[in-house]
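Listed below are the residues making up each chain.
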Amino acid sequence: MKKLIVYVSGILFCLFCLFCLGSCDEDYIPKPMGYFRIDLPQKTYLHFNQKGYPYSFDYPSYAKIIPIQEKGQNYWIDVSYEDMNAKLHLSYESLFADTSLSTLIKGTLFYVNRHISKSSGITEVEYEDQKNKIWGCVYDIKGDEVASTYQFYLTDSVKHFVRGALYIESVPNNDSLAPVIVFLKKDIDQMVQSFRWK
């Protein structure tokens, strides 16, 4: 009987020790939220050369050109990427005595600099195409919470000025959207390189 009590108490002691060891687990850390896989389309381009517009350029076949129909915004368009919930907003201005090139460039810098508080850095790359009389600057705005990650302006410095800004229409979380942003930046680079004045 004594042996049985020692045996049972030994088993209970072992179970108690296993229970204590099992309950000494580290704090529970939940897994980070997952994101949907995004299938990116094959890159093919169309040429935008609509009658009446003072410019032309290549744009991706998986995007739509949407004219902006508002007073005073002649030749403004959105290049809409519906499947990626993004758009490239293009605004056009004619250079006249009352709208100077320096004023328009300052306006572009104003919109770029609005992202400084959320940005981890802004890379500025000058663009020059002497043959087609196109000069400008491309701004790559880095940061997980910036609203517009890529902006640019193009001009002939005499008559035309175009400003572009990429917007992804979702809560900014550019870490998870990085593949889409890199994909769209390549499309915009193609647009800039194919840009022509009429």
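Coordinates for the structure precede this section.
Residues numbered from 1 in each chain as written. Predicted model: local features only at pLDDT ≥ 70, side-chain atom pairs only at ≥ 80, totals over all residues. Heavy atoms only, no water.

### A few points about the packing of aromatic side chains
The condition is simple: Pairing of aromatic side chains here covers Phe, Tyr and the six-membered ring of Trp, requires ring centres within 6.5 Å, and sorts the geometry by plane angle: under 30 degrees stacked, over 60 edge-to-face, intermediate tilted. Partly exposed residues are those whose accessible area sits between 20% and 50% of the maximum for their type, while under 20% is buried and over 50% is exposed, using a 1.4 Å probe and protein chains only.
Enumeration over the complete set of coordinates arrives at 16 aromatic pairs. Between the aromatic rings of Phe48 and Tyr53, the centroid separation amounts to 5.3 Å while the plane-to-plane angle is 80°, which identifies the pairing as edge-to-face. Phe48 gets classed as buried once you look at its relative accessible area, which sits at 5%. Look at Tyr53 and you get buried, because its relative accessible area is 12%.

### Re the environment of Tyr92
Condition: Secondary structure elements are defined from DSSP: runs of H or I of at least 4 residues count as helices, runs of E of at least 2 residues count as strands, and each element is numbered from the N terminus. Note on contacts: a residue pair is in contact if any heavy atoms of the two residues lie within 4.5 Å.
Tracing the sequence through the fold places Tyr92 in strand β5 (residues 86-94). Of the residues examined, Tyr92 reaches a relative accessible area of 6% and is grouped as buried. Between the alpha carbons of Tyr92 and Gln73 there is a distance of 7.6 Å; along the sequence they are 19 residues apart. Apart from residues no more than four positions distant in its own chain, Tyr92 is found in contact with Pro54, Tyr55, Asn74, Tyr75, Trp76, Lys159, His160, Phe161, Val162 and Trp197.

### Some thoughts on the sheet that holds strand β7 (residues 134-142)
We apply this condition: Paired strands, in this sense, are two strands between which DSSP finds at least two bridges. For helices, the fitted axis covers only the stretch in contact; all axes are lines through C-alpha atoms, and the angles between them, taken along N-to-C directions, range from 0 to 180 degrees.
One open sheet accounts for 7 strands, arranged β3-β4-β5-β9-β8-β7-β6; its pairing is antiparallel. Looking at which strands have only one partner, the edges of the open sheet turn out to be β3 (64-67) and β6 (121-129). Here the strands of the sheet are splayed against their neighbours by 15° on average, with no regard to which way each runs. Two elements, β3 and strand β4 (residues 77-81), share 4 bridges in a ladder whose sense is antiparallel. Counted as the bridge partner of Ile65 is Val79 from β4.

### Some points on the layout of surface pockets
Worth spelling out the cut-off: Two kinds of site are reported from a 1 Å grid over the protein atoms alone, namely cavities, where a 1.4 Å probe fits but cannot get out, and pockets, open sets with protein on both sides within 12 Å along at least five of seven lines, and residues are called lining when an atom falls within 4 Å of a point. Grid points are joined across faces, edges and corners, and a volume is the space filled by probe spheres set on the points. Note on residue categories: nonpolar means Ala, Val, Leu, Ile, Met, Phe, Trp, Tyr, Cys or Pro, charged means Asp, Glu, Lys or Arg, and polar means any other residue, Gly included.
Space inside the second largest pocket adds up to approximately 190 Å³. What lines the second largest pocket is Trp76, His89, Ser91, Glu93, Thr103, Leu104, Gly107, Thr108, Tyr111, Phe161 and Arg163. Of all the elements in the fold, those that place two or more residues in the lining of the second largest pocket are β5, α2 (101-113) and β9 (160-168). Residue contributions to the lining of the second largest pocket peak at 5 residues, all from α2. In the lining of the second largest pocket, the residues fall into 4 nonpolar, 5 polar and 2 charged.

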